[in-house]
Amino acid sequence: MKKVLLASACLFALAAPASAADLAARPYTKAPIAPAAVYNWTGFYLGVVGGGAWEATSTDPKMQGGFVGGTAGYNWQTGNVVFGIEADGAWADVNASATALGITVASKTDALGTVRGRIGWAVNNFLFYGTGGYAWIDNKITLSALGVSVSDSKWHSGWTVGAGVEAFFAPQWSVKGEYLYRSLGSENYFSNLGTPLASGTINFHTVQVGVNYHFGAPVVAKY
């Protein structure tokens, strides 16, 4: 009996390591990596814009006031560089008046807008850009004296340059802040009265904010 027990113990001792070796190791499964959001600025967009304008002059009275309107544009992105074209137009109430010798002269810009190129540098959901191009305003001058008023409106064309920053705050939605310097050429008012009144160059500082909706799918997942 002792010989049988001893032989059984030896067989068990030899078989245990072999059985353990036959058990396959549990494979290691790496946890999936969460996708990172990468913002693609390419595409068409529409938005609303509003802000304030004041005349760039050292003398008073200065034309000043606010405006609100719409904007449309298209971006092309290559790497971190974003090229774009944008147009905007706004209703405005930017005005000033002065009285001398019983005559009041009032100037009011009723509308303004631009058509501009943009070039910027994208950092994920932020875009830092410079911009410049064509600018216009619709301006009216009114002369008043002894209870009688006459008015004349002119379209002024010129140029604009500025810079801004835009950022996605939700898929397909972005908000921007922008500064523009606008220089509009002189026009002659009241030519039909025989003595034209030259407006001189009209220069504006403008600060505006806007919200844009981007069509397509500007946010893509990158692993």
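Residues numbered from 1 in each chain as written. Predicted model: local features only at pLDDT ≥ 70, side-chain atom pairs only at ≥ 80, totals over all residues. Heavy atoms only, no water.

1. Description of unusual backbone geometry
Cut-off, in case you're wondering: Put simply, DSSP marks the helices as runs of H or I at least four residues long and the strands as runs of E at least two long, and each gets a number from the N terminus on.
Following D60, the chain continues to P61 via a peptide bond in cis, the omega torsion being 0 degrees. Among the structural elements, P61 can be located in the loop between strand 2 (43-55) and strand 3 (64-78). Non-glycine residue L101 carries a positive phi angle of around 55 degrees. Relative to the assigned elements, L101 resides in the loop between strand 4 (81-100) and strand 5 (103-123).

2. Observations concerning the pairing of strand 4
Quick note on the threshold: One bridge is not enough; two strands pair if DSSP finds at least two bridges between them.
As paired elements, strand 3 and strand 4 share 15 bridges and run antiparallel to each other. Each residue of the ladder has a partner; that of A72, found in strand 4, is A87. As defined by bridge partners, strand 4 adjoins strand 5 across 18 bridges and the pair is classed as antiparallel. Bridge pairing in strand 5 places T99 opposite T104. The turn joining strand 4 and strand 5, which pair antiparallel and follow one another in sequence, is formed by two residues; a positive phi near 55 degrees is taken by L101.

3. Details of the sheet that holds strand 2
Applied cut-off: Angular values range over 0 to 180 degrees, each being the angle between N-to-C directions of two axes fitted as lines to C-alpha atoms, with helices fitted over their stretch in contact.
Here eight strands make up a closed barrel; going around it, the order is 2-3-4-5-6-7-8-11 and the pairing antiparallel. Across the sheet, the mean angle separating the axes of adjacent strands is 20 degrees when strand polarity is ignored.

4. Some details on the confidence of the model for the protein chain
The condition that has to hold: The predictor attaches a confidence to each residue, and that confidence, scored 0 to 100, is pLDDT. For this analysis, residues touch if any pair of their heavy atoms sits within 4.5 Å.
Confidence along the protein chain averages 86 in pLDDT terms, with 80% of residues attaining 70 or more. Confidence, expressed as mean pLDDT per element, reaches its minimum in the protein chain at helix 1 (residues 2-22) with 43 and its maximum at strand 8 (residues 173-184) with 98. The low-confidence segment residues 1-23 (pLDDT under 50) makes zero contacts with residues lying over four places distant or belonging to another chain.

5. Focus: the pattern of salt bridges
Formally: The term salt bridge refers to a side-chain nitrogen of Lys or Arg lying within 4 Å of a carboxyl oxygen of Asp or Glu. Three labels apply to residues, based on accessible area from a 1.4 Å probe with only protein chains included: buried if under 20% of the type maximum, exposed if over 50%, partly exposed otherwise in between.
A full pass over the atoms with the stated rule returns 10 salt bridges. Between K108 and D93 there is a salt bridge; the shortest N-O distance is 4.0 Å. Taken together, the residues K108 in strand 5 and D93 in strand 4 connect sequence positions 15 residues apart. According to the relative accessible area criterion, K108 is partly exposed, its value standing at 31%. Of the charged contacts, one joins R116 and E178 as a salt bridge, the two residues approaching to 3.2 Å between their closest N and O atoms.

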